[in-house]
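Each chain is listed here by its residues.
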Amino acid sequence: MEYRRLGMAGTRVSAISLGSWLTYGEGVEERTAEECISTALDNGVNFIDTADAYAAGKAESVVGQAIRNLTRSDLVISSKLYWPISDNVNDRGLGRKHIMESIDKSLQRLGTDYLDIYFCHRYDPETPLEETVRAMSDLVHAGKIIYWGTSVWEADQIEEAVRLAREYGGYPPQVEQPRYNLLDRHIEAQIMPTVARHGIGLTVFSPLAQGVLTGKYSQGVPEGSRASSSAGVKNELTEANLTTARRLGEVAQEHGLSTSQLALAWILRRPEVSSVIMGASRPSQVVDNVQAAAVQLSADVQAEIDAILGS
């Protein structure tokens, strides 16, 4: 496993990490989830990502159960807040009250005293950004989090958070977690230059476009797959995306790789990326995906991929 700095911070995270969105606590039984987490750790993964909104807190509980007997300092654990968790009018957003109450609930579910990274799961237009920056800085001072980050924020929003933190002597965001894959490259234009300028790391999610870049949908939608029930996956299954995935699969096969490994290695070629967050519902998927950390794509392979993507 390769370990990369979290932007310009001193902490290092595994190039491939394990997420829990749409899997643990809802789509995958707990024993299998724990096997996936154990397999990831056995293969060098040290970073596990979750959120309070994933399965309404159940994902955090599953992760907490899986790591309960492990040495905490060996792990990098992140969670997030923003989305409504209950009908309580204040149980949402990035206001100080919600931040201070949500961190304790997440820590309790995870069975830990602190988070390595606490993400603002979206930008909150209803809360002054200064309030959010000060609250997250206070959590760092209190020892409840080591770093805080943003997730799916725009470049100008990240810029303003950094500016406010510096102006008020607080801690700026150290990580941004955006969507990024071979089919969705929107962050290359503004987000990547912004985070690189400020020494902010990227921990990207949906690297396989919810399974489209595994190649499993090339011949249709398998019965029982996530695409058979998830509108989000169905939106990915355009003919253009499937055609691109098939062509990328051919390139991967020519070079002795799975389509997933090719897609993950393509992301890891970017120095701005600290870690790629994989999803896994079976331990075998973990084993296949972590191998991408050792893959170096040659210039010729890059050229083949660029030709397919039209870049």
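Every value quoted in this text rests on a predicted model; they were computed, and no experiment measured them.

Conventions we followed
- Residues numbered from 1 in each chain as written.
- Predicted model: local features only at pLDDT ≥ 70, side-chain atom pairs only at ≥ 80, totals over all residues.
- Heavy atoms only, no water.
- Helix = DSSP H or I, 4+ residues; strand = E, 2+ residues; numbered from the N terminus.
- Expected span 1.5 Å × (residues − 1).
- Buried < 20%, exposed > 50% of the residue type's maximum accessible area, 1.4 Å probe, protein only.
- Pairing = 2+ DSSP bridges.
- Right-handed = clockwise from strand over helix to strand, strands pointing away.
- Phe/Tyr/Trp six-rings, centres within 6.5 Å; stacked < 30°, edge-to-face > 60°.
- Lys NZ or Arg CZ within 6 Å of the ring centre and 35° of its normal.
- Polar contact = N/O pair within 3.5 Å; in protein donor to acceptor, adjacent residues only side chain to side chain.
- Contact = heavy atoms within 4.5 Å.
- Axes fitted to C-alpha atoms, helices over the stretch in contact; angles between N-to-C directions.
- Parallel < 35°, antiparallel > 145°, perpendicular 65-115°, else oblique.
- Nonpolar A, V, L, I, M, F, W, Y, C, P; charged D, E, K, R; others polar.

Moving on, we come to helix H8 (residues 239-254). With 16 residues, H8 should cover 22 Å at 1.5 Å per step; its first-to-last C-alpha distance of 23 Å lies within 8% of that length. Regarding H8, the residues found buried are Asn241, Leu242, Thr244, Ala245, Leu248, Gly249, Val251 and Ala252. Two residues or fewer past H8, Gly256 is found with a positive phi of approximately 70°.

Here the focus is the pairing of strand S6 (residues 115-120). Taken across its 6 residues, S6 has 6 buried, putting it largely inside the fold. As defined by bridge partners, strand S5 (residues 76-81) adjoins S6 across 4 bridges and the pair is classed as parallel. Across the sheet, Ser79 pairs through a bridge with Tyr118, a residue of S6. In this view, the connection linking S5 to its parallel neighbour S6 by way of helix H3 (residues 96-110) has right-handed handedness. Bridge count for S6 against strand S7 (residues 145-151) is 5 bridges, and the pairing is parallel. Bridging across to S7, Leu115 finds its partner in Ile145. As a crossover connection, the stretch from S6 through helix H4 (residues 129-142) into S7 is right-handed.

A positive phi angle is found at Ala55, which is not glycine, with a value near 55°. Along the chain, Ala55 turns up in the loop between strand S4 (47-49) and helix H2 (58-67). By relative accessible area, which is 15% here, Ala55 ends up buried.

Counting buried residues in S5 gives 6 out of 6 residues, a clear majority hidden from the surface. Burial along S5 is two-sided: Val76, Ser78 and Lys80 and Ile77, Ser79 and Leu81, pointing in opposite directions, are all buried. Where S4 lies against S5, 3 bridges are found, and the strand directions are parallel. The partner of Asp49 across the bridge, within S5, is Ser78.

By the definition in use, this model includes 4 aromatic pairs. Ring plane angle 85° and centroid distance 6.0 Å describe the contact between Trp21 and Phe205, whose orientation is recorded as edge-to-face. Within this pair, whereas Trp21 is found in the loop between strand S3 (16-18) and helix H1 (30-42), its partner Phe205 is found in the loop between strand S9 (201-204) and helix H7 (231-236), the two being separated by 184 residues in sequence. The exposure class assigned to Phe205 is buried, which follows from its relative accessible area of 17%. Lying across the ring of Tyr114, Arg72 places its NZ or CZ 4.1 Å from the centre. If you follow Arg269 out to its NZ or CZ, it ends over the ring of Trp266, 4.1 Å from the centre.

Here Tyr217 is to be found in the loop between S9 and H7. In this structure, the C-alpha to C-alpha distance between Tyr217 and Leu237, residues 20 residues apart in sequence, is 8.0 Å.

Right, let's get into the side chain of Thr127. Inspection of the secondary structure assignment puts Thr127 in the loop between S6 and H4. Thr127 sits in the buried class, given a relative accessible area of 12%. Among the polar contacts made by the side chain of Thr127, one reaches the side chain of Asp124 at a distance of 2.7 Å. Discounting chain neighbours no more than four positions away, the residues touching Thr127 are Leu94, Gly95 and Thr132.

At a minimum axis separation of 7 Å, H2 and H3 run at an interaxial angle of 45°. The pairing of H2 with H3 is recorded here as oblique in orientation. In this structure, H2 uses Glu60, Ser61, Val63, Gly64 and Ile67 to contact H3, whose residues at the interface are Ser106, Arg109 and Leu110. Looking at the contact of H2 with H3 residue by residue, the class counts come to 3 nonpolar, 3 polar and 2 charged.

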